[in-house]
Amino acid sequence: MHWQQLVQQVRYSGRYATGPEAERVLRAVLTVLGGHVSGDERCELARLLPAEAALLISRQIPLAQPLTAPDFVDAVAARLAPISRPEARWATSTVLSLLAQQAGEPLTRRILAELPRGYALLFGLAELAPARAAAAA
């Protein structure tokens with residue numbers, strides 16, 4: 001896959017009006033994601049993506065403590081300002097869902113294992129609460 005193909009996928013999936021708008025969203029989400037993925041998962045994801053996308057991820061210094069999912073969305077919103085939080089969530093989910101499709105479920109699950117609870121829906125996956133936690137709620 002080439003960079004422009006990925007941009008067009010974001011444009012189509014996110015229903016963005018223009019390629020530049022979709023590219024801006026893609027760059028913002030990949031930049032924030034780069035600080036959250038590390039180790040083998042980071043290398044594997046980078047190999048699956050176009051070179052430009054891989055660079056956006058790999059240039060980021062991994063955070064010692066990943067952001068919560070809502071804080072991740074807020075970080076994307078800050079990069080895309082001025083947009084609303086729901087728009088930032090849409091942008092984040094659009095890009096991360098496409099990455100999950102590209103990466104496949106095994107790699108996506110390993111990436112999710114590195115992140116705090118709450119990210120699965122951003123990647124387009126269901127996140128089931130453990131039975132004990134669900135019963136206590």
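Data block above holds the structure.
What you see is a predicted model; the values in this text were computed from it and never measured. Here the residue numbers are simple positions, counted from 1 along each chain's written sequence. pLDDT decides what is reported in this predicted model: residues at 70 or higher carry local features, side-chain atom pairs at 80 or more are listed and counted, and totals for whole chains, interfaces and linings draw on all residues regardless. As a convention, hydrogens and water are excluded, and side-chain values are obtained from all of the structure's heavy atoms.

### Some points on the overall build of the protein
Per the convention used, a helix needs a DSSP run of H or I reaching at least four residues, while a strand needs a run of E reaching at least two, with both numbered from the N terminus. Tallying secondary structure elements over the protein gives 8 helices and 0 strands in all. Listing each helix as α and each strand as β along the protein from the N terminus yields α-α-α-α-α-α-α-α. Against the globule reference of 14 Å for 137 residues, the protein gives a C-alpha radius of gyration of 15 Å, in line with a compact fold. If you line up the protein on its principal axes, its C-alpha atoms span 45 × 35 × 25 Å. Burial classes follow relative accessibility: with a 1.4 Å probe on protein chains only, a residue under 20% of its type's maximum area counts as buried, one over 50% as exposed, and anything between as partly exposed. Within the protein, buried positions represent 42% of all 137 residues. Of all intrachain contacts in the protein linking residues separated by at least 6 positions in sequence, the fraction that spans at least 24 positions is 63%. Accessibility throughout is a Shrake-Rupley quantity obtained with a 1.4 Å probe, and a residue counts as covered only by protein chains that appear here. Of the accessible surface of the protein, which amounts to about 7500 Å², a share of 57% is contributed by carbon and sulfur atoms. For this count, His and the chain ends are skipped, Lys and Arg are scored as positive, and Asp and Glu as negative. Working definition for charges: the position is that of NZ of Lys, CZ of Arg, CG of Asp or CD of Glu. One way to put it: in the protein the 14 positive side-chain charges average out to a point 2 Å from where the 12 negative ones average out. C-alpha atoms define the radius of gyration, and 2.2 Å times the number of residues to the power 0.38 defines the globule rule. Whether two residues are in contact is decided by their heavy atoms: any pair within 4.5 Å suffices.

### What about the side chain of Arg42?
By the element assignment, Arg42 lies in helix H3 (residues 39-48). The side chain of Arg42 is buried and forms no salt bridge, while Glu114, the nearest opposite charge, is found at 8.0 Å. Two N or O atoms form a polar contact when they lie within 3.5 Å of each other; inside protein one atom must be a possible hydrogen donor and the other a possible acceptor, and for residues adjacent in sequence the pair counts only when both atoms belong to side chains. At a separation of 2.8 Å, a polar atom in the side chain of Arg42 contacts the main-chain carbonyl oxygen of Ile57. Not counting residues within four places of it along the chain, the set of residues in contact with Arg42 comprises Gly34, Val37, Ile57, Ser58, Arg59, Gln60 and Pro62. Between Lys or Arg on one side and Asp or Glu on the other, a salt bridge is scored when a side-chain nitrogen of the former is within 4 Å of a carboxyl oxygen of the latter.

### Re the packing of aromatic side chains
Each Phe, Tyr or Trp ring, with Trp reduced to its six-membered ring, pairs with another whose centre is within 6.5 Å; inter-plane angles below 30 degrees give stacked pairs, above 60 give edge-to-face pairs, and intermediate values give tilted ones. Considering all chains together, one arrives at 1 aromatic pair under this definition. Their ring planes at 75° and their centres at 5.5 Å tell us that Phe72 and Tyr119 sit as a pair that is edge-to-face. Highlighted residues: Phe72 in helix H5 (residues 69-79) and Tyr119 in the loop between helix H7 (105-114) and helix H8 (131-136), separated in sequence by 47 residues. Pair check on accessibility: Phe72 and Tyr119 agree, each one buried.

### Structural notes on H3
Those residues of H3 not exposed but buried are Glu41, Arg42, Leu45 and Ala46. Taken end-on, H3 shows its buried residues confined to a sector of 130°, consistent with a single buried face. With respect to the buried face of H3, the exposed residues turned more than 90 degrees away are Asp40 and Arg47. The inward-facing, buried residues of H3 contact helix H2 (19-34), helix H4 (51-58), helix H6 (85-103) and H7. In this description, the arc belongs to the directions extending from the helix axis to the C-beta atoms.

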